[in-house]
Each structure stands twice: as C-alpha cells, then as structure tokens.
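Here's the letter readout for the chains.
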Amino acid sequence: MAQRPRIVVLGSINMDLVAIAPALPQPGQTVLGESFATLPGGKGANQAVAAARLGAHVRMIGRVGDDTFGPLLLASLEASGVHVDDVVTTPGASSGIAVILLDAARQNHIVGIYGANMACDEVQVDAASRALDGADALLLQMEIPLDVSLEAAAIARERGVPVIHDPAPPSPLPDSAYAAFDVIAPNQSEAEVLTGVSVDGRDSAREAARILRSRGAGIAIVKLGEQGVVYASSDGEGHVPAFEVNAVDTVAAGDGFAGALAVALAEGRPLARAVRFAAAAGALVVTRRGAQDAMPERGEVELLLASQQ
C-alpha cells in the first residue's frame, strides 16, 4: 500500500450495553440472562475503528456527552488509532447509548438512545469541511441529524471526495438525498424501508439496488447476510457469496463492512474486489463479541480472502 487512505467519518459515538439471554422476554416477563458487557460502539465510531485497523488514517467527527461514558468512548477511539480532535464534548447531554439484546441465535435487537449525537450541527459540518481537504472518502450513517450529514455530503461532492452512506438505522430518505451518495449500502431490512421491496434473496436485492440507483445513487450495495452481497453500478451488477465463518453475534457486522469498503475503494480496488474485501471484514466481525473490539486487522481479512477463493 503506497499511501494510507484518508477517511473522514461523520457519525455517532455510543456506549453499547450488551445483554445476552437464551430468549428475549415477552411483555411482563423476566428471563435469566447469561452475561452483560459495556462496550464502546456507535455506527460512526465502529466504522472509524474498522477503517483504522485496516490501515487508514481516520478522522472522527461527532459528539459525546459530559457523562462518565464520554472520556471512555474517546479513549477507545484513540486506542484504535482514530483521530478525535474533532469530537466535541456536549455540556448537559448524555453520550449516545445502545441497549443491545442478543438471543440464543446471537441475533441482535437494539434500542438506540442517541443523546449528544443528535446535537450535531453546523460545528460538525465545519469540522467536516476542514477534514475533507485531501480526504479519500466520507463515511455517513443515520444516527445523527440527516441535514448535517447531507450538508457534509454536499461539501464532499464539491471537492470530489466519494461519499459512502450506510443508511442505518433505517428511515425513509427524501428522493433528493440519493444523488449525494456515491455509494449507498443498506442491508435487507434497510433496503426494504428505502425501496418498498421485500428483500429476501438475490433477485429482490437486485431490484432494490436498481431502484436506489434510479434515485441518483452511483453504486448500490445490498447486504444479504448468509446469502452474500449484491451490488449494482453503471458498469453492471454482481454478487459476492458469503464467507463461511462461525458466528458468535451479528453486532456491528455492517459497520465492519462499511469501514472496509471505504478503505478498499480508496485504495483503488475495482468494485467487485472492494465488495469482497468488505464482505470478508464483515464476516470476521461476527466471529467475536462486541463492536469496536470485533473489528479485524488487515492481515486477518487478507487471510480469510486467501482461504476462501
């Protein structure tokens, strides 16, 4: 790698409160859990760590609260090599919290309470404007105010910096927003919210990807979990099979995918190879617990790619 990709991440920084139980409780029911952990997370922060561990120079832009979680979240990002000078501590606000429940199948059920993340405003837009000079990609998600993300996306597009949008957690986007994204990469449920297509396999994923592109997105990628990844661009469509791994939990798999995709595209990999690299990173995330702690190093991703040609 001749030069480290320069990635800017504008997004959420949360503390994940993770509980594991054999089954989720029904209304009015209490179940005995297996374990509990407090882990740094947030889609933006997770993606920043993912990109940094894969060798990118990453600048994180966002907000934390002035509570006990704020310093811990910043320290976790710094420990992974993410630059946090543009993360603001917001007086009187709580840091973002994600309450995550995992069942016996290790499927995740998440309640997000975004706290200081929702105070992101023109301060973060200005920080993004400074950070985007010389950047190779801007990563966005849906856990801060949408208008802030779209303002930053417009600046990136003006400067020729590719914008990669992970539309999670899902909510409808105005049609005018799609043209701001060089890449949009929803999972099955997110693609359904955005397009109205019930995505249950490769054919329906292709249909959803085509709709997303028709609205203005340059590249549309639909993640199908165990069925792999479907992508569509002006050069055509394709499918990347899922990697065979032993899943522990699915928390932050999409974030690992997004961070790796940004790095791969910034390094100039063709789309099909970039999607496969990202899919390998996402697959490795599900083999271990946690969010940021689960993000793989580059050597691990390259080894998985080589082992499953």
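Relevant structure appears above.
Residues numbered from 1 in each chain as written. Predicted model: local features only at pLDDT ≥ 70, side-chain atom pairs only at ≥ 80, totals over all residues. Heavy atoms only, no water.

(A) Inspection of the packing of helix α8 (residues 271-285) against helix α9 (residues 298-307) at higher detail. At a closest axis distance of 9 Å, the pairing of α8 and α9 adopts a crossing angle of 110°. Regarding the angle of α8 to α9, the classification is roughly perpendicular. Across the interface between the two elements, Arg276, Phe277, Ala280, Ala281, Ala283 and Leu284 of α8 pack against Arg298, Glu300, Val301, Glu302, Leu304 and Leu305 of α9. Here the residues of the contact of α8 with α9 sort into eight nonpolar, no polar and four charged. (Axes fitted to C-alpha atoms, helices over the stretch in contact; angles between N-to-C directions. Helix = DSSP H or I, 4+ residues; strand = E, 2+ residues; numbered from the N terminus. Parallel < 35°, antiparallel > 145°, perpendicular 65-115°, else oblique. Contact = heavy atoms within 4.5 Å. Nonpolar A, V, L, I, M, F, W, Y, C, P; charged D, E, K, R; others polar.)

(B) Structural context of a nonpolar patch on the surface. Together, Val99, Leu101, Val111 and Ile113 make up an exposed nonpolar region whose accessible area comes to about 300 Å². Of all elements in the fold, only β6 (96-102) and β7 (108-113) reach the threshold of two or more residues within the nonpolar patch. Within the secondary structure, Val99 sits in strand β6. Using a relative accessible area of 31% as the deciding quantity, one classes Val99 as partly exposed. (Patch = residues over 30% accessible without salt bridge, like charges linked within 9 Å, V, L, I, M, F, W, Y side chains within 5 Å. Areas by Shrake-Rupley, 256 points an atom, 1.4 Å probe, with all protein chains shown as cover. Salt bridge = Lys/Arg side-chain N within 4 Å of Asp/Glu carboxyl O. Buried < 20%, exposed > 50% of the residue type's maximum accessible area, 1.4 Å probe, protein only.)

(C) Structural context of the packing of helix α3 (residues 122-131) against helix α4 (residues 146-158). Contact pair α3 / α4: the axes reach a minimum separation of 9 Å and the direction vectors enclose 20°. Classified by the interaxial angle, the pair formed by α3 and α4 is roughly parallel. Viewed along their axes, α3 and α4 form a crossing whose handedness is right-handed. Listed contacts from α4 to Glu122, Gln124, Val125, Ala128 and Ser129 of α3 are Val148, Glu151, Ala152 and Ile155. Broken down by class, the residue content of the contact of α3 with α4 amounts to five nonpolar, two polar and two charged. (Left-handed = near helix turned anticlockwise from the far one by under 90°.)

(D) Broad picture of empty space enclosed by the protein. The tally for this structure, following the rule as stated, stands at one cavity of 30 Å³ or more. If you add up the space inside the largest cavity, you get close to 40 Å³. As for the largest cavity, its lining consists of Arg6, Ile7, Val8, His57, Arg59, Ala131 and Ala135. Elements represented by at least two residues in the lining of the largest cavity include exactly β1 (6-10) and β4 (57-65). A total of three residues in the lining of the largest cavity trace back to one element, the largest contributor, which is β1. (1 Å grid on protein atoms, 1.4 Å probe; cavity = no way out; pocket = protein on both sides within 12 Å on 5 of 7 lines; lining within 4 Å. Points joined across faces, edges and corners; volume = space filled by probe spheres on them.)

(E) Local environment of the sheet that holds strand β9 (residues 163-165). The sheet built from nine strands is open, its strands ordered β5-β4-β1-β8-β9-β10-β11-β12-β13 with mixed pairing. Two strands close off the open sheet at either side, each with one partner strand: β5 (83-90) and β13 (236-240). Relative to strand β8 (residues 137-140), β1 runs parallel, the two sharing four bridges. Along β8, the bridge assignment pairs Val9 with Leu139. Strands in contact with α8 are β11 (219-223), β12 (229-233) and β13; relative to β12, the strand with the most contacts, it is inclined by about 150°. (Pairing = 2+ DSSP bridges.)

Function cannot be inferred from these measures alone, as they are strictly geometric.
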